[in-house]
Every structure is written in C-alpha cells, then in structure tokens.
Amino acid sequence: MNDVTSDTVIKGTAVVPGIAFADAVWIRPRPELPSAGPVVAEDQREEEHNRFLAAADAVAARLDERSSKAEGAAKEVLSATAGMVRDRGWRKAVKKNITSGHPADYAVVAATTKFISMFEAAGGVMAERVTDLRDIRDRTIAELRGEEEPGLPQVDGPVVLFADDLSPADTAALDTSLFVALVTELGGPTSHTAIIARQLNVPCIVAVGEKLKNISAGEKVLVDGSLGTITTGADPAQAEAMVAEYKEFAERVAQWRGPAQTKDGHRVQLLANVQDGNAARVAAATQAEGIGLFRTEMCFLSATTEPSVDEQANVYKKVLERFPESKVVVRSLDAGSDKPVAFATMADEMNPALGVRGLRVARANEPLLTRQLDAIAQAAQELGRDDNAPTWVMAPMVATTREARWFSELCKERGLTPGAMIEVPAAALMADKIMPYLEFVSIGTNDLTQYTMAADRMSPQLAYLTDPWQPAVLRLIKHTCDEGKRFDTAVGVCGEAAADPLLACVLTGLGVNSLSAASTAIAGVGAQLADVTLETCQKAAEAALDAEGAIAAREAVRAVIKG
Ligand code: PEP
Ligand code: MG
C-alpha cells in the first residue's frame, strides 16, 4: 500500500488479486469443543449412536442440497465434504467411541482428532484437508446440540470476511456481491478456500497469522489481493479511488492478450510458475509463453522415499507435456527450510533457512541431484523436446562460483541447459564470475529479499522488511541485470515480485528479459506492461532505486507510471 504507513499494514499470502474496501466481519464461531464428560449408561449407547447418525445425516443432506445448487469446483467441494460426513471410517471411529461410553459430541471430537493427526502426518495436500475435517466435526456437534450451524454470518452490505480458516462449504456458499474479499488466519494457497476464491474471482489472502485477530469486526479494511496486504486506517477517499482504479484495470486485464510487450514494442517473456501437472494445465490456459519456474520439490512433499528416475520422469512429463512447444524452466529440488522433503532434508537444523537447503543438499549427496537431472533429461527426451521447446534447468540457492560451475557441468553432461537462481545476495554480487558458466539466471526475489533484509519470509511481523520493493533488493537486481547484459546471459525474475504489475515495470526497466509468476497474475502484469513505454519503465526503475525505502519506492513508481 503506497498511501499508508507500514505499521497499519499486515500481510498474508496473496491468493487472488483485487482490491476491496469494506467493514470486516468475522465468521460465526465454531462450537465449543466438549471434554470427555460423564460415561453414557450402557443401555443408552445405542440411542446415543442413533442421535449421532441422525445429526451426521442431516449435515450431509444439507451439504448435498447446497451442492445441487452450486457449480464447478464449488459443487465438487460441497459434495466431497458431504462424502466426508458419510465416510465409513470416520463414522466407525465415532461409533467405537460411543460404544465405549462417550457422549456423541465427544465421540465426534475424539474420532476427528485421530483423523486430523493422520492427515497432518501425511503432510502436503492431505494436511490442507484438515480444515475440511474440522468443519464436518463442528457442523455435526452444532447439529447434535441443536445450535446454529457455524459459518457465514448474515450480512446486508459489502463486507470483508475474516476467519481463522474458511471451510470449503462456507466458501462455496459465498455471495460475492456481499462478501467482497476473504482473509484467513490459516490456510494455504492450495487449500479449498484458495481454490474456490480463485473460481469466484474474489480477492483473497490466506495465512495471515494471529495478527489478524487485532482487527475487530466493523473496522474498515483495505484488502489488496495482489500484494497480500490488509490495511486499517486507510484514507477512505484514497481507498475508494484505489478500488475504482482496480476495477478499471481489471477490465483491461480481462481483454489483454499476449505475448507481453510494452506500448512501444519492447518484448518481455511472460512465463508461469507451477508446481505440478495440474498447475501446468491451468497455466496453459493463460497467456503464459512457457514455464519460468517448475518447483519440483513441491511434487515430493509427502513422499517418504526418493522416487526412482522413471517415477520422477513421469512426474516431470506431466508438466512438460502441457507446454509442448515452449520453454520450460525446471528447478532442481529446493528441499529444506519451509519446504521439507523427507528424503532430502536435514533434520533438526538450528536455522533451516540458513542451513542445508536447495543445491546445498546435493553437496553431500550428489547422486540425489544427478538422478533428478537424469529424470529431467529422460522426460524431455521421451517427449521429443528440442530447441523449439527448450528444457532449461536451474539450481536453487547458488551462493558461489564453484557451485554454479559444478551444477553447470552436471547439466551439460546430460545435454541440459544450465542456469542458477539468484536468490542469495552473494550470487547477485558475484554475477560476473557466475554467469560465464551459465546460459541464464533467474532472480528469486522471495529469498533474495529474505536474505538481503535478514528477515524471515514467513514472519508476519517482518512483512515490512520482506517486501521486494526494498531498494536494497532492487539494487542487487540492477547489478545482476547489468552483468547479464555484459555477459549476454538471460536474466529472469521468478519470485513474487514478478506478479506485481507495477514492480514488473520496474524490473523491465532494470533490464530483466523474462518474468515468471503465478497463473492468476499473468494477465495483470501483461496488461500493465502494455500500458507503458520502455522509457517509462526505465524512469520507474530509477525512481525506485533512488527511494529511501519500500513504501517510498512504490509511491515514486506509482507517480511515474500513473503520471
Ligand atoms: C524465490 O525465492 O523467489 C523463489 C522463486 O523460490 P521459492 O519461493 O520457491 O523459494
Ligand atoms: Mg527461493
């Protein structure tokens, strides 16, 4: 937010772009969970079980009814949730608890807790389904007690919905003319909330953390779904102007068609960030010219052992085949830190973000890396990819020239085009020594910002530091671009910075050749670039580099671009 000071802004994970300015309302609270309570007499246990069955059936029937009225992903989600309430395993676990003497409501809690632990232990996508389990638990308990269903409050005007986590069923039932943005404390970018929010195209931010509780119901909030920011105390006139401006921009975005270029025809390759075949399918439906970042580690978050070369090749093919005639940049495993991969990550590190992550894992286990490179080469070869559909490979967390040379040699031995991420400040500063070994580099602004500002990218308290608009970060990007020109090495950006339309103009002005962003952000960036000349981008870059801080940089660039 350029118009307010940083201490009024909290940040989460941006999921769906868009700007909304309205009162905050909190979702109706979940029922209070019962403790074990008195033992139910043996001759009443069957009746208690029947009471549970009737409550569960009522909840399932209500969800089915909503599903029959919904469409697309919302329909599927609602019927999947109803299916969970009917799940035999869950019902059996509840029955077992009732048979051993627990009241129905406690029996539901105990059975669901067991399933939650199992899902959490499985990790990855399974762990994100924990929200669904809590939801069916809470609905069933409310039904058993004859209480109002937890969930969406009754509202009569536009509001921003706040929740600890939104259940799929609540998200699917949203009227977006009333609920103009969604903000959750928990959740992840692939949670059901996120999936449906994308489908509904309602601005959405998830994983804000505890800080969200500091905002009370009725407080006016400005939500920016592209930046992931929630601002309180914004000037109403300015906030309304931003909403109107975004609306107008959204109309242009909907009309935009690639390939991306500035008003005066300066081309910038616009690519997509993906993590699996499904995301690649979504990306292929956008104007993306290819894939600029395939986060391979995300495919293996729930794997307990290393997949074989053939198995890996099959996983990679699912992404490559979606872009049969375009460039795909595959990143070797970035295991470690916030993305633990059981077969690759070192356990119990004191400081995992500064520890053995990314390419560093392969120093002690080169075969892990070479097997992955073999699998990438095999996937590309089996799909008949060639120079018209180049397969590039880059290493995460490169910090030294030696690492770059080592990685490059391993790639070249397999006929793969080598590159490196520039996300450790040392790599940016040593670009002139690193580039001669590589065909391309891609700047990871998420980590580059984290390490330049010495601020944990996961910390909601440090969001003002982990802002890629920080001029210190932009200066490292400028240095990398300047060296890229000198060594004729392609320089891309694949961190979240590339998803911010204004910052994309700055990056273009700095000399970046390609921008890779989440599929949802691509058209927004393309439409913004189409609106400016290269000279304006260069002026914007100068203004940002010269600013005193992130907020001032954004303000200065806004002034240059919006005139
Ligand atoms: C980055 O650090 O900017 C990046 C693109 O990598 P990741 O977010 O996966 O760490
Ligand atoms: Mg990174």
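As annotated in an unreviewed UniProt entry, the chain carries the name Phosphoenolpyruvate-protein phosphotransferase and is attributed to Corynebacterium aquilae DSM 44791. Its UniProt record gives the chain the following Catalytic activity (unreviewed entry) comment, quoted word for word: "L-histidyl-[protein] + phosphoenolpyruvate = N(pros)-phospho-L-histidyl-[protein] + pyruvate". Of the chain, the UniProt comment under Sequence similarities (unreviewed entry) reads exactly: "Belongs to the PEP-utilizing enzyme family."

We now examine the coordination of the magnesium ion (ligand 2). Within the first shell, the magnesium ion (ligand 2) binds the protein through Glu423 (OE) and Asp447 (OD), at distances of 2.0 to 2.1 Å. Taken together, the residues Glu423 in the loop between β13 (417–422) and α15 (425–429) and Asp447 in helix α17 (residues 445–453) connect sequence positions 24 residues apart. Looking at Asp447, the relative accessible area reads 2%, which means it is buried.

Bringing the packing of helix α3 (residues 88–99) against helix α4 (residues 104–122) into the picture now. The interhelical angle for the contact between α3 and α4, taken along N-to-C directions, is 130 degrees, at an axis separation of 8 Å. Here α3 is positioned oblique relative to α4, judged by the angle of their axes. The element α3 and its partner α4 pack so that their crossing is right-handed. Only Ala104, Ala107, Val108, Ala110, Ala111, Thr112, Lys114 and Phe115 of α4 make contact with α3, whose side of the interface consists of Gly89, Trp90, Ala93, Val94, Asn97 and Ile98. Here the residues of the contact of α3 with α4 sort into 10 nonpolar, three polar and one charged.

What follows concerns the sheet that holds strand β10 (residues 291–295). The eight strands are arranged β9-β10-β11-β12-β13-β14-β15-β16 in a closed barrel whose pairing can be described as parallel. Adjacent strand axes in the sheet meet at a mean angle of 25 degrees when their direction is disregarded. In the sheet, strand β12 (residues 391–395) pairs with β13 via four bridges, with the strands oriented parallel. Residue pairing in the sheet places Met394 in a bridge with Gly419 of β13. Lying on the sheet, helix α20 (residues 519–529) is in contact with β9 (269–274) and β16 (514–517); it crosses β9 at an angle near 165 degrees.

As for its position among the elements, Ala284 is in helix α10 (residues 277–284). Sequence-wise, Ala284 and Met453 are 169 residues apart; in three dimensions their C-alpha atoms are separated by 35 Å.

So, on to the packing of aromatic side chains. Summed over all chains, the structure comprises seven aromatic pairs. Judged by centre distance (6.0 Å) and plane angle (65 degrees), the rings of Tyr246 and Phe249 are edge-to-face. Here Tyr246 and its partner Phe249 are both found in helix α9 (residues 236–255), three residues apart, which amounts to about one turn of the helix. Of the residues examined, Phe249 reaches a relative accessible area of 10% and is grouped as buried. With a centroid separation of 6.1 Å and an interplanar angle of 65 degrees, the aromatic rings of Phe300 and Phe343 are classed as edge-to-face. Here Phe300 is found in the loop between β10 and α11 (309–320), whereas its partner Phe343 is found in the loop between β11 (328–331) and α12 (359–363), with 43 residues between them in sequence. You'll find Phe300 and Phe343 in the same group, each marked buried.

This part is about the nonpolar core. Ranked by internal contacts, the top residues of the largest apolar core, which has 95 residues, are Val274, Leu373, Ile477, Val506 and Leu515. Setting aside anything within four residues of it in sequence, one finds Leu515 in contact with Val268, Gln269, Leu270, Leu271, Val493, Ala498, Ala504, Leu507, Thr508, Val525 and Leu529. Membership of the second largest hydrophobic core comes to 33 residues, among which are Ala74, Val94, Phe115 and Ile136.

Parameters and conventions
- Residues numbered from 1 in each chain as written.
- Chains lettered and ligands numbered in written order.
- Predicted model: local features only at pLDDT ≥ 70, side-chain atom pairs only at ≥ 80, totals over all residues.
- Heavy atoms only, no water.
- UniProt positions renumbered as here; feature names shortened; annotations may be inferred.
- Donors = N, O, S within 2.8 Å, 3.2 Å for Na, K, Ca; no water.
- Helix = DSSP H or I, 4+ residues; strand = E, 2+ residues; numbered from the N terminus.
- Buried < 20%, exposed > 50% of the residue type's maximum accessible area, 1.4 Å probe, protein only.
- Axes fitted to C-alpha atoms, helices over the stretch in contact; angles between N-to-C directions.
- Parallel < 35°, antiparallel > 145°, perpendicular 65-115°, else oblique.
- Left-handed = near helix turned anticlockwise from the far one by under 90°.
- Contact = heavy atoms within 4.5 Å.
- Nonpolar A, V, L, I, M, F, W, Y, C, P; charged D, E, K, R; others polar.
- Pairing = 2+ DSSP bridges.
- Phe/Tyr/Trp six-rings, centres within 6.5 Å; stacked < 30°, edge-to-face > 60°.
- Core = buried A, V, L, I, M, F, W, Y, C linked by side-chain atoms within 4.5 Å.

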